[in-house]
Amino acid sequence: MSKGRVWNKGKRNGGGGPAAGTGYKEKLAATLQAEGKTVEIIDLKNPINQVQRMNRENWVERPVRVNREQPKK
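Every value quoted in this text rests on a predicted model; they were computed, and no experiment measured them. Note on numbering: residues in each chain are counted from 1, in written sequence order. Note on the predicted model: pLDDT of at least 70 is required for a residue's local features to be given, and 80 or more for side-chain atom pairs to be given and counted; whole-chain, interface and lining totals, by contrast, use all residues. Side-chain numbers here rest on the full set of heavy atoms in the structure, without hydrogens or water.

1. Re the overall build of the chain
- Put simply, DSSP marks the helices as runs of H or I at least four residues long and the strands as runs of E at least two long, and each gets a number from the N terminus on. Scanning the chain from terminus to terminus reveals 1 helix and 0 strands.
- Across the 73 residues in the chain, those meeting the buried criterion constitute 1%.
- When the accessible area of the chain is evaluated, it comes to approximately 8400 Å², of which 53% is carbon and sulfur surface. Only protein chains enter the accessibility calculation, which uses a 1.4 Å probe. A residue is then buried if its area is under 20% of the maximum for its type, exposed if over 50%, and partly exposed in between. Only the protein chains shown count as cover for residues, with accessible areas throughout obtained via the Shrake-Rupley method and a probe of 1.4 Å.

Structure representation (structure tokens):
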């Protein structure tokens, strides 16, 4: 089979995802604009909408569990 005729096209086979503008969010935005409703614009400069690394400097570490060996009888 040639590369373009694979039945399970994926990321590594040359595409397979939906065409641009045919995704759910794009269709929803287009229908809302057609109805005259406003589309919510997310402000990425707001810290609430940003994804940042977690601050691990104030984490509490669990003490190490001690395995007590029972004396053999």
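2. Focus: helix 1 (residues 24-35)
- To estimate the expected span of a helix, subtract one from its residue number and multiply by 1.5 Å. Between the first and last C-alpha of helix 1 there are 17 Å, a value that for 12 residues agrees with the 16 Å anticipated at 1.5 Å per step.
- Taken across its 12 residues, helix 1 has 0 buried, putting it largely on the surface.
- Directly after helix 1, the chain includes Gly36, whose backbone phi takes a positive value near 90°.

3. Observations regarding the pattern of salt bridges
- Salt bridges are defined as contacts in which a side-chain nitrogen from Lys or Arg sits within 4 Å of a carboxyl oxygen from Asp or Glu. Under the defined criterion, the tally for this structure stands at 1 salt bridge.
- Across the pair Glu35 and Lys37 runs a salt bridge, and its minimum N-O distance is 3.5 Å.
- Note on Glu35: relative accessible area 55%, which makes it exposed.

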